[in-house]
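Observations on the model geometry
Chain by chain, the residues:
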Amino acid sequence: MTDERALVLFSGGQDSATCLAWALETFGWVETLGFDYGQRHRVELECREAFRQGVITSNDAWGARLGPDHMLDLSILGQVSETALTRDAEIALRTDGLPNTFVPGRNLIFFTLAAALASRRELRHLVGGMCETDFSGYPDCRDDTLKSLQVTLNLGMGTRSVLHTPLMWLDKAQTWAMAERLGGDPLVTLIRTSTHTCYLGVHDRLHDWGYGCGTCPSCELRIKGWEGFDASRHNA
């Protein structure tokens, strides 16, 4: 636990919610930042405040460390990209082998704007839920990309910011396990019931693993992770 200050890229999904819990356990002051880029699964943005309130009411120490929430309009991303996350299109592989859910430059832009906001808010640490273990092959989720970006941001802004990716080498089962270690069953339940990760924005039925269509790539990863996590709990 340190008294330093952090900014969490908080989308309203499982991974960023787990990262928010990690940051609240690690830093003395934590603020959150969301991006509205016209995403097809915009319902995730509507989940953000419910999760934040759940954190405040379920953990007094975390509630005391949780600072303001910020939201930035990034609709320009939808103007410069044609993806299944910003258009009503079938999810498929592109000719280059990447899924068409990849929004080019998204995480690079997210962290650049986060670094600018963090500079004004005096928040040295930037936290994101990017992962290279269970992921869809997005180049801007790779560890090398984000380490390079940290160097570039600090050189270009004259800062000493640190980019943290606590989930980088964890699969989804291990991400659930991290949430359990950080906040026990209450945090696991809060993530299940108050976050959204489904690419198609289906949020009308609560499954054991949370809300979602159950068939998109994001849901498939989450289901597999939940089943692995749940099995490990029963075998413990």
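Here the structure is shown first, and the text comes after it.
What you see is a predicted model; the values in this text were computed from it and never measured. By convention here, each chain's residues receive numbers from 1 onward along its written sequence. For this predicted model, a pLDDT threshold of at least 70 governs which residues receive local features, and a threshold of 80 or more governs which side-chain atom pairs are given and counted, while totals over whole chains, interfaces and linings are taken from all residues. Hydrogens and water molecules were not included; the side-chain quantities draw on all heavy atoms of the structure.

Before going further, it helps to spend a moment on the sheet that holds strand E1 (residues 5-9). Hydrogen bonds between backbone atoms are what pair the strands of a sheet, whose relative direction is either parallel or antiparallel. If you trace the 5 strands from one edge of the open sheet to the other, you get E3-E2-E1-E4-E5, paired in parallel fashion. Both outer strands of the open sheet, strand E3 (66-73) and strand E5 (162-164), are each paired with one neighbouring strand and no more. When strand polarity is set aside, the average angle formed by the axes of neighbouring strands in this sheet is 25°. Note on pairing: DSSP must find at least two bridges between two strands before they are called paired. Here a strand is any run of E in DSSP of at least two residues, a helix any run of H or I of at least four, and the numbering for each starts at the N terminus. Two strands pair when backbone bridges link them, and E1 and strand E4 (residues 125-127) are joined in this way by 3 bridges, in the parallel orientation. From the neighbouring strand, Ala 6 faces E4, where its bridge partner is His 125. Of the strands in this sheet, strand E2 (29-36) and E3 touch helix H2 (residues 43-58), which is tilted by about 175° from E3. Residue contacts are counted whenever heavy atoms from the two residues lie within 4.5 Å of one another. Axes here mean lines fitted to C-alpha atoms, for a helix over just the part in contact, with angles spanning 0 to 180 degrees between N-to-C directions. Helix H5 (residues 106-121) contacts E1, E2, E3, E4 and E5 of the sheet and is inclined by roughly 150° relative to E1.

This part takes up the packing of aromatic side chains. Stacked, tilted and edge-to-face are the three classes assigned to paired rings of Phe, Tyr and Trp, where Trp is represented by its six-membered ring and a pair needs centres within 6.5 Å; plane angles under 30 degrees give stacked, over 60 edge-to-face, the rest tilted. Summed over all chains, the structure comprises 7 aromatic pairs. Ring plane angle 80° and centroid distance 4.8 Å describe the contact between Trp 176 and Trp 226, whose orientation is recorded as edge-to-face. Of this pair, Trp 176 sits in helix H7 (residues 172-194) while Trp 226 sits in helix H8 (residues 217-235), placing them 50 residues apart in sequence. Ring centres of Trp 176 and Phe 229 lie 6.2 Å apart, and the angle between their planes is 15°; on these two criteria the pair is classed as stacked. Residue Trp 176 is found in helix H7, and its partner Phe 229 is found in helix H8; the two are separated by 53 residues along the sequence. The pair Trp 176 / Phe 229 is uniform in exposure class, with both members buried. Put simply, the rings of Phe 35, Tyr 37 and Phe 110 touch in pairs and so form one group of aromatic residues. Only lysine NZ and arginine CZ atoms are considered, and such an atom sits over a ring when it is within 6 Å of the ring centre and within 35 degrees of the ring normal. Positioned above the aromatic ring of Trp 226 is the side chain of Arg 192, whose terminal nitrogen or guanidinium carbon lies 5.8 Å from the ring centre. Partly exposed residues are those whose accessible area sits between 20% and 50% of the maximum for their type, while under 20% is buried and over 50% is exposed, using a 1.4 Å probe and protein chains only.

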